[in-house]
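# Results of the structural survey
Next come the chains, spelled out residue by residue.
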Amino acid sequence: MSFDESEKRICLIKFQESVIIRGVEKKLVEKNFEVVSFDSEQRDEIKKEYKKADLFIAYIPPDVREDTSSFSKTLEGILTSVSAEDKKVIVIGDDDDRNAVSENIPAMWSHIWISRPLDIKKLFYEIREELQDENDGMTDKHILIVDDDPSYAKIVRGWLGDDYKVDIVTAGMQAITFLSRKKVDLILLDYEMPITDGPQVLGMLRQEPTLSEIPVIFLTGVDSKEAVSRAAHLKPDGYILKSTSRGDLMMYVKGVLKKYQDRVKEDINDEQW
C-alpha cells in the first residue's frame, strides 16, 4: 500500500470464528499492518481500540437475519462508538443479511458492508480508500517497468499493482516511445537489455528536458563493482537487485516517490515565494 502500513492499526472483531477472518488477518500481517484481533465478547479490550485503531473490520455469522439479538447490541455499540471517533467499520457478512442488519442497526448505513464470498481485492480497495486520506496522493502514482524479461516484470507489477498504476515495456526504445505519449511518476529500469540497455536509456532521459526529472531506479541482477560504478555515474535515484524482497522493493519505491514528491513541493513553494 502507498501509505505506511506499519503505522496503521487495524482491529479485527470476530462474532464467530472463521477461516475467512483468519485469512484476512494473515493477509493484513503480510502487508505489514499492525493487527489486533478480539472475540466480540471482549468488549473492554475493544473499547480500548476506539481511539488507537485506524480501522475496524467485523466478521459476523451467516444467516443473522434469523436472529440479530445475539450480537446486534454489541455491533451497534461498536459502530456508534467508532463513528464518534470519525473512523469506519468494514463489516463482512452475507449479502442477504445486509438489509436485516441495517434495519435493526441504523448506524450500519454509515459504515461499509462487504458480502461473502469475500473478494480480498475489494476488501483491500476499501481499506486503502479509508486510510489514504493522509497519503498525500500517493495512490494515483504511475510506474513504468522497463525489463526485457516479461515474466519478472509481471511479478513486480503484481507486487506494485494494488497500490499504483503500473505499465510494462520490454525494450529501451519502447520506453522512450511510451514516455513521449504518457506521463509517469517513476521508472523501474532493467540494467542489462539487448540493443539499448538501461544506462543508455537513462542517459537519453537525462538529456530530454521533459523527461529528465522522472525518478529512475535500476532494477537488475548485476551487482559487480563495475556495474554499480557505471550506474552511479549516471546518478539514478536508486539501484535495486532483482533478488530484493517484495517488502524491501515496496519500501524503496515508496521512499523514492516520497522524496520526489517533497522535492516538487519545495520547487512549487520556491516559485510561489
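The structure this text deals with has already been given above.
Residues numbered from 1 in each chain as written. Predicted model: local features only at pLDDT ≥ 70, side-chain atom pairs only at ≥ 80, totals over all residues. Heavy atoms only, no water.

Below, the discussion takes up the overall build of the protein. Looking only at helices and strands, the protein has 10 helices and 10 strands in total. A total of 273 residues make up the protein; the buried ones form 46% of that total. Long-range contacts, defined as pairs at least 24 residues apart, comprise 67% of the intrachain contacts of the protein with a sequence gap of at least 6. With an accessible surface of roughly 14400 Å², the protein has 48% of that area assigned to carbon and sulfur atoms. (Helix = DSSP H or I, 4+ residues; strand = E, 2+ residues; numbered from the N terminus. Buried < 20%, exposed > 50% of the residue type's maximum accessible area, 1.4 Å probe, protein only. Contact = heavy atoms within 4.5 Å. Areas by Shrake-Rupley, 256 points an atom, 1.4 Å probe, with all protein chains shown as cover.)

Among the nonpolar cores identified, the biggest contains 24 residues, and I60, L75 and V101 are the most heavily contacted of them. At the level of elements, strand 1 (9-14), strand 2 (34-39), helix 2 (43-52), strand 3 (55-59), helix 3 (72-84) and strand 4 (89-94) are the ones that each hand at least two residues to this core. Here this core gets 4 residues from one element, more than from any other, and that element is helix 3. Those residues in contact with L75, other than ones at most four positions away along the chain, are F15, A58, I60, V101 and I105. Ranked by size, the runner-up nonpolar core spans 19 residues in total, among them V184, V201, L205 and V216. (Core = buried A, V, L, I, M, F, W, Y, C linked by side-chain atoms within 4.5 Å.)

With that settled, consider unusual backbone geometry. Looking along the chain, the bond that leaves R116 and enters P117 is cis, with omega of 0°. Inspection of the secondary structure assignment puts P117 in the loop between strand 5 (112-116) and helix 5 (120-131). Notably, D86 is not glycine yet its phi reads approximately 60°, a positive angle. Secondary-structure assignment places D86 in the loop between helix 3 and strand 4. Residue classification places D86 among the exposed positions, given a relative accessible area of 72%. Even without glycine at this site, I195 takes up a positive phi of about 70°. Within the secondary structure layout, I195 lies in the loop between strand 8 (186-189) and helix 8 (198-207).

In this section: the pattern of salt bridges. Note on pairing: side chains with opposite charge can pair once their charged atoms come close. Counting across every chain of the model gives 13 salt bridges. We note a salt bridge from K14 to E17, for which the minimum N-O separation is 3.3 Å. A relative accessible area of 15% means that K14 is categorised as buried. Classification of E17 by relative accessible area gives partly exposed; the value is 44%. Note that R206 is salt-bridged to D237, the shortest N-O span being 3.4 Å. Pair noted here: R206 is in helix 8 and D237 is in the loop between helix 9 (225-233) and strand 10 (238-241), with a separation of 31 residues, a long-range link. For R206, a relative accessible area of 29% puts it in the partly exposed group. Several salt bridges share partner residues, and in doing so they unite R9, E34, E49 and K52 into one network. (Salt bridge = Lys/Arg side-chain N within 4 Å of Asp/Glu carboxyl O.)

Moving on, we get to helix 5. An α-helix turns once per 3.6 residues; consequently, residues spaced three or four apart project the same way. For helix 5, which comprises 12 residues, the first-to-last C-alpha distance of 16 Å matches the rise-based estimate of 16 Å (1.5 Å per residue) to within 8%. Where the residues of helix 5 are buried, they touch strand 1, helix 1 (19-30), strand 3, strand 4 and strand 5. Backbone nitrogen of K121 and a side-chain oxygen of the N-cap are separated by 3.0 Å at the start of helix 5; the cap is D119. (Expected span 1.5 Å × (residues − 1). Polar contact = N/O pair within 3.5 Å; in protein donor to acceptor, adjacent residues only side chain to side chain.)

By definition, the strands of a sheet pair up through backbone hydrogen bonds, in either a parallel or an antiparallel sense. With parallel pairing, the 5 strands of this open sheet are ordered in space as 2-1-3-4-5. Each of the sheet's edge strands pairs with one partner strand only, and the pair in question is strand 2 and strand 5. Between one strand and the next, the sheet's axes are offset by a mean angle of 20°, whatever the strand orientation. The pairing of strand 1 with strand 3 spans 5 bridges and is classified as parallel. Residue pairing across strands places L12 opposite I57, the latter belonging to strand 3. Here helix 1 sits on the sheet in contact with strand 1, strand 2, strand 3, strand 4 and strand 5, set at roughly 170° to strand 1. Helix 2 rests against strand 1, strand 2 and strand 3 of the sheet, and its axis sits at about 150° to strand 2. (Pairing = 2+ DSSP bridges. Axes fitted to C-alpha atoms, helices over the stretch in contact; angles between N-to-C directions.)

Right, let's get into the sheet that holds strand 7 (residues 165-169). What the 5 strands build is an open sheet, ordered 7-6-8-9-10; its pairing is parallel. The sheet is open, and its two borders are formed by strand 7 and strand 10, each paired with just one other strand. Here the strands of the sheet are splayed against their neighbours by 20° on average, with no regard to which way each runs. In this structure, strand 6 (residues 142-146) lies alongside strand 8, joined through 4 bridges in parallel fashion. In the sheet register, L144 faces strand 8, and the bridge partner there is I187. Lying on the sheet, helix 6 (residues 150-160) is in contact with strand 6, strand 7, strand 8 and strand 9 (216-220); it crosses strand 7 at an angle near 175°. Each of strand 8 and strand 9 is contacted by helix 8, which is oriented at about 175° to strand 9, the strand it contacts most.

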